[in-house]
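Observations on the three-dimensional arrangement
Residues per chain are reported as follows:
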Amino acid sequence: MFNLMKTAILMAAITALFMAVGHLIGGRAGMMLALLFALGMNFFSYWFSDKLVLKMYSAREVDAQSEPYFYGMVQELAQRAGLPMPRVYLIDEEAPNAFATGRNPDNAAVAATTGILRVLNHRELRGVMAHELAHVKHRDILISTISATMAGAVSMLANFAMFFGGRDEEGRPTNPLAGLLVALLAPLAASLIQMAISRAREFEADRGGAEISGDPRALASALEKIHAYATGIPLSTAERHPETAQMMIMNPLSGGGLKGLFSTHPATEERVARLLAMSR
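Residues numbered from 1 in each chain as written. Predicted model: local features only at pLDDT ≥ 70, side-chain atom pairs only at ≥ 80, totals over all residues. Heavy atoms only, no water.

Glancing now at the environment of Ile 249. Position of Ile 249 relative to the elements: it lies in the loop between helix 8 (236–240) and helix 9 (258–261). Accessibility expressed as a relative area gives 0% for Ile 249, which makes it buried. Distance in space between the C-alpha atoms of Ile 249 and Ala 100 is 9.0 Å, their sequence separation being 149 residues. Those residues in contact with Ile 249 that lie beyond four places of it in its chain are Asn 97, Ala 98, Val 128, His 131, Glu 132, Glu 202, Leu 219, Leu 223, Ile 226, His 265 and Arg 271. (Helix = DSSP H or I, 4+ residues; strand = E, 2+ residues; numbered from the N terminus. Buried < 20%, exposed > 50% of the residue type's maximum accessible area, 1.4 Å probe, protein only. Contact = heavy atoms within 4.5 Å.)

Have a look at this one:
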C-alpha cells in the first residue's frame, strides 16, 4: 500500500511539472494539453515503460539454453524469495551494473551487463541479483521505471519550452529568460522527485537482497567492486539517458557537474557498512 501511495505521489508531482511547463509554452491551453500529455504518459509508463527501458539499453532476453549459468542463478534466487520467475536479460556493455524493471512481480524483468558477469565472482553476482529481486519483491520497480520515463519526458518538454519560447493567455511571446530557467529547473525538479524515493529504496533492497541470498558480505564485496570499476568504465546508454541511472544497483554516471550533485544512490561506503553490520 505504501509503495502504491508513493507511485501516486510521483505521478501527481511530475504531472504538475508537465502542467507548469505547458502553461509557460501556451498559457491555459498549453497547460491543458500538457495535462492530457501527462495522463497519456502515465498510462504508457504503467504498461510499457519496462519494454522502453529494456529497448533503450538494447537488452537481449536469455533463457536456460542460451545462458544456463546466469539464468539458473536468477531462477534459484527467485525460488528462495518466493517470486515468480522474472524475464532475464543481458546488456552488452563493459560497465558492471544491473537493474530490475516491470510493473509487478508477475511482469518483472532483471537485466545485467556482460561486464558485471566478468567482474564479479559467483557469490558476488548472486548477491547483486538477489538485490534486484528484492526490488521486485518490495514492488518498487514500477516506481523507478515510471520515474525514469516521466523524468525524460519532462526534460524533453522543458527543452521544447527553451527553444520555441512561451506564450501568455493572449498568445504573446513571454520572457525568453523564463523559458531558459524552466529548461534548467524542470529536469532538476524531476531529479529531486526521483531522489526523494530512491536512496531509501536502495538501502531496503540491499537488506532484502542480503536476506534472499543469505550472504550480506558477498553483496558488500560486489558493491565495492562495482564502485571501483564503474568510475572508470562509462555506461554509454545511461550517459545519454541519465534519468535511468536511478534504476541501477550503482550510479553509472560519470559524476561530472550536476549529475554528481543529484545522485540518486546513497554512498557506497554507507551501504557496505550496513551490510557488514548485518553479517555480524
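The rest of the description comes next.
Before going further, it helps to spend a moment on the pattern of salt bridges. Per the counting criterion, the structure on display carries 12 salt bridges. In this structure, Glu 211 and Arg 207 form a salt bridge, with 3.0 Å as the shortest nitrogen-oxygen distance. In this pair, Glu 211 and Arg 207 are both assigned in helix 6 (residues 176–213), four residues apart and thus about one turn of the helix distant. Salt bridges here are not isolated pairs; linked through shared partners, they connect Glu 76, Arg 80 and Arg 126. (Salt bridge = Lys/Arg side-chain N within 4 Å of Asp/Glu carboxyl O.)

Quick look at the sheet that holds strand 2 (residues 87–91) now. As a general point, the strands of a sheet are linked pairwise by backbone hydrogen bonds and lie either parallel or antiparallel. A sheet is described by the order of its strands in space; here four strands give the open sequence 1-2-4-3, paired in mixed fashion. Edge strands, defined here as strands with exactly one partner in the open sheet, are strand 1 (60–62) and strand 3 (98–101). The sheet shows a mean angle of 30° between the axes of neighbouring strands, direction not considered. When strand 3 meets strand 4 (residues 109–113), the two strands line up antiparallel, connected through four bridges. Bridged to Phe 99 within strand 4 is Ala 111. Seen against the sheet, helix 2 (residues 68–81) touches strand 1, strand 2 and strand 4 and runs at an angle of roughly 140° to strand 2. (Pairing = 2+ DSSP bridges. Axes fitted to C-alpha atoms, helices over the stretch in contact; angles between N-to-C directions.)

Let us now look at the side chain of Asn 104. Here Asn 104 shows up in the loop between strand 3 and strand 4. By relative accessible area, which is 18% here, Asn 104 ends up buried. Within the structure, the side chain of Asn 104 is placed 2.8 Å from the side chain of Asn 107, a separation counted as a polar contact. For Asn 104, the contacting residues outside a window of four places in its chain are Arg 139 and Ile 141. (Polar contact = N/O pair within 3.5 Å; in protein donor to acceptor, adjacent residues only side chain to side chain.)

For helix 10 (residues 268–279), which comprises 12 residues, the first-to-last C-alpha distance of 17 Å matches the rise-based estimate of 16 Å (1.5 Å per residue) to within 8%. Within helix 10, burial applies to Thr 268, Arg 271, Val 272 and Leu 275. The buried residues of helix 10 occupy one face: seen down the axis, they fall within an arc of 95°. (Expected span 1.5 Å × (residues − 1). Arc of directions from axis to C-beta.)

Ranked by internal contacts, the top residues of the largest apolar core, which has 40 residues, are Phe 70, Ile 116, Leu 120, Val 128, Met 129 and Ile 226. Leaving out residues up to four positions away in the same chain, Phe 70 has contacts with Val 88, Tyr 89, Leu 90, Ala 112, Leu 117, Leu 125 and Met 129. (Core = buried A, V, L, I, M, F, W, Y, C linked by side-chain atoms within 4.5 Å.)

Right, let's talk about the UniProt feature "binding site: Zn(2+)" (unreviewed entry) in the protein for a bit. Per the UniProt entry, the sites bearing "binding site: Zn(2+)" (unreviewed entry) are His 131, His 135 and Glu 202 in this numbering. On the basis of their most widely separated C-alpha atoms, the annotated residues across 72 residues gather in one place, lying no more than 8.7 Å apart. Sequence-distant contacts of His 131, defined by excluding residues within four places in its chain, comprise Glu 202, Ala 205, Asp 206, Gly 209, Leu 219, Ile 249 and Arg 271. Its place among the elements puts Glu 202 in helix 6. On the accessibility criterion, Glu 202 (0% relative accessible area) is buried. In terms of polar contacts, Glu 202 uses its side chain to reach the side chain of His 131, at 3.1 Å. (UniProt positions renumbered as here; feature names shortened; annotations may be inferred.)

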